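Structural characterization, general
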Amino acid sequence: MNLTHPFLDADGDKLREECGIFGVIGARDASAMTALGLHALQHRGQEAVGIVSYDGSDFFARRGLGHVAQVFSDASMFAELPGEMASGHVRYSTTGGQGLRNVQPLHADLARGAFSVAHNGNISNAVHLKRELVDKGAIFQSTSDTEVILHLIATSRYPTLLDRFVDALRMIEGAYSLICMTPKRMIACRDPLGIRPLVMGKIGEATVFASETVALDVVGAEFVREIEPGEIVEVRQDGRLTSHRPFGNLPARPCIFEHVYFSRPDSVMGGRSVYEVRRQIGAELAIEAPVEADLVVPVPDSGVPAAIGYAQQSGIPFGLGIIRSHYVGRTFIQPSDGARHADVKRKHNANRALVEGKRIVLIDDSIVRGTTSLKIVQMMRDAGAAEVHMRVASPPTSHSCFYGVDTPERHKLLAARMDVQEMTKFIVADSLAFVSIDGLYRAVGAPGREDGCPRHCDACFTGDYPTRLTDLAEREADAGQLSLPVGKVA
Ligand code: SF4
């Protein structure tokens, strides 16, 4: 995340994952495998990609703006990234955060040796820490919060690199899944609450780490296990693996939105198929918010599994009443407002032959600002739909995320400004309903919030942030306001 834009002004009308990470140690074609893994994680970030490799004596890096296939367009590029250890990163960056200097993995030569880091998540006290570091004379090369980690390691007084790394992690708050490289090992870790995902796999003698299991599948690696919340896994060049638990065992709070929207449906997360969870959310919606209708229509692609679940549970036929063009870039890549709005229309088109004269249940994964929902409801009406009932496969998104997901400022979130009745009017639907937070937890297969110990981060629906939000609290204090709850110390 970009430190100069702590409140992200999202261009589009979807929440957006900001990063995907991949690393492999012990493979002859480590950098090519990393590119393949990153390609499978492209949905987590499309604006920049980087790979760093190590050949036993030197580190090599290639970073660029664009998709993996654009930046690594030629197989000969991998000859410039030699070695049996490589890690990579795909990112979505915000206005002002673009540019090569912020493209990860970041790499630095420290007193205890070279160190590279690829980070998925967001450090919620990065501005505070950066201010302290700059006061002490640190010079930052980027505006990325991740660079704070490098400076904290560099300035730690502990003797070994691993101790310095742990010392640095103790100072940071928020969400981080990291894949780091030193000349001797690869280090993978998750923050103490495990907010962002990270999995481990094996392919032959090589060990692989990735944000999602789909990347393991694509490179042909076998899933071994998830990295546990708060766990640091060290893998040496000879394949020896050591697990450290320096933060003890806190109750895990992985992001529940990974199940709803961010992860690919062919990934497995928390032992559950993402596709199956989404289908089950649709079934919950059908139970909680039934409606008399003729056709269940998903907003493609992310609404499809929930729409299948809704149709199966309700007995209402499923149909592709909206067709998505696969030759249009994702909405949010467009730089200007005008381009973005034109893009929504080019991306989705009503299937008039199916929709005309029917009462439609429209299923989408979430409503962020509401502008896309408004357009799609109108598109259904223009195609002759008799009624349009919107059902949403997540609770109302009423709070911003500070853990590595790009969300608009809170006042731009439709659910922060309106109740369900007002939102129904805003999107001009005949009815609107969201799955309940309990229904969502049931679909994910976790106990709900009744016992006061939620098993996931669900802050964008509840405002219950599981960590301190120091930067936010300081900003609000400076502005003389304290509008958001600040969570407990993790
Ligand atoms: Fe996920 Fe929402 Fe928590 Fe962010 S605030 S980590 S999107 S559940």
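Scroll up a little and you will see the structure.
Calculation notes
- Within each chain, residues carry numbers counting from 1 in the order of the written sequence.
- Note on the predicted model: pLDDT of at least 70 is required for a residue's local features to be given, and 80 or more for side-chain atom pairs to be given and counted; whole-chain, interface and lining totals, by contrast, use all residues.
- Values shown for side chains rest on all heavy atoms present in the structure; no hydrogens or waters enter the calculation.
- Secondary structure elements are taken from DSSP: a helix is a run of H or I of four residues or more, a strand is a run of E of two residues or more, and numbering for both begins at the N terminus.
- Note that the radius of gyration is over C-alpha atoms, with the globule rule given as 2.2 Å times the number of residues to the power 0.38.
- Partly exposed describes any residue whose relative accessible area lies between the buried limit of under 20% and the exposed limit of over 50%, with all areas from a 1.4 Å probe on protein chains only and scaled to the type maximum.
- Contacts: residue pairs with any heavy atoms within 4.5 Å of one another.
- Note on areas: Shrake-Rupley with a 1.4 Å probe; residue coverage comes only from the protein chains shown.
- Any helix carries an expected span of 1.5 Å times its number of residues minus one.
- The pairing criterion is simple: DSSP has to find at least two bridges between the two strands.
- Axis definition: a line fitted to C-alpha atoms, limited for helices to the stretch in contact. Angles are taken between N-to-C directions and run from 0 to 180 degrees.

1. Topic: the overall build of the chain
Helix and strand counts for the chain stand at 17 helices and 23 strands. Relative to a compact globule of 490 residues, whose C-alpha radius of gyration would be 23 Å, the chain shows 22 Å and is just as compact. Projected onto the principal axes, the alpha-carbon positions of the chain cover approximately 70 × 55 × 45 Å. Out of the 490 residues in the chain, the part that is buried amounts to 59%. Once local pairs closer than 6 in sequence are excluded, the contacts in the chain between residues at least 24 apart make up 67%. Per element, the accessible surface of the chain, about 18700 Å² overall, is 52% carbon and sulfur.

2. A closer look at helix H8 (residues 274–288)
With 15 residues, H8 ought to run about 21 Å at 1.5 Å a step, and its terminal C-alpha atoms sit 21 Å apart, in line with that. Considered for burial, the residues of H8 that qualify are Val-274, Val-277, Arg-278, Arg-279, Ile-281, Gly-282, Ala-283, Glu-284, Leu-285 and Ala-286.

3. Concerning the pairing of strand S5 (residues 85–91)
Summarising burial for S5: seven of the seven residues are buried, a large majority. Every second residue of S5 is oriented toward a common face, with Met-85, Ser-87, His-89 and Arg-91 on one face and Ala-86, Gly-88 and Val-90 on the other, all of them buried. As paired elements, strand S2 (residues 19–25) and S5 share seven bridges and run antiparallel to each other. When the bridges of S5 are listed, Ile-25 appears paired with Met-85.

4. Focus: the sheet that holds strand S10 (residues 199–203)
Taken in spatial order, the seven strands make up an open sheet running S4-S3-S5-S2-S11-S10-S12, and their pairing is antiparallel. The sheet terminates laterally at strand S4 (59–65) and strand S12 (222–226), the two strands that pair on one side only. Averaged over all neighbouring strand pairs, the angle between strand axes comes to 15°, with direction disregarded. Here four bridges tie S2 to strand S11 (residues 206–210), and the two strands are oriented antiparallel to one another. Bridging across to S11, Gly-23 finds its partner in Phe-209.

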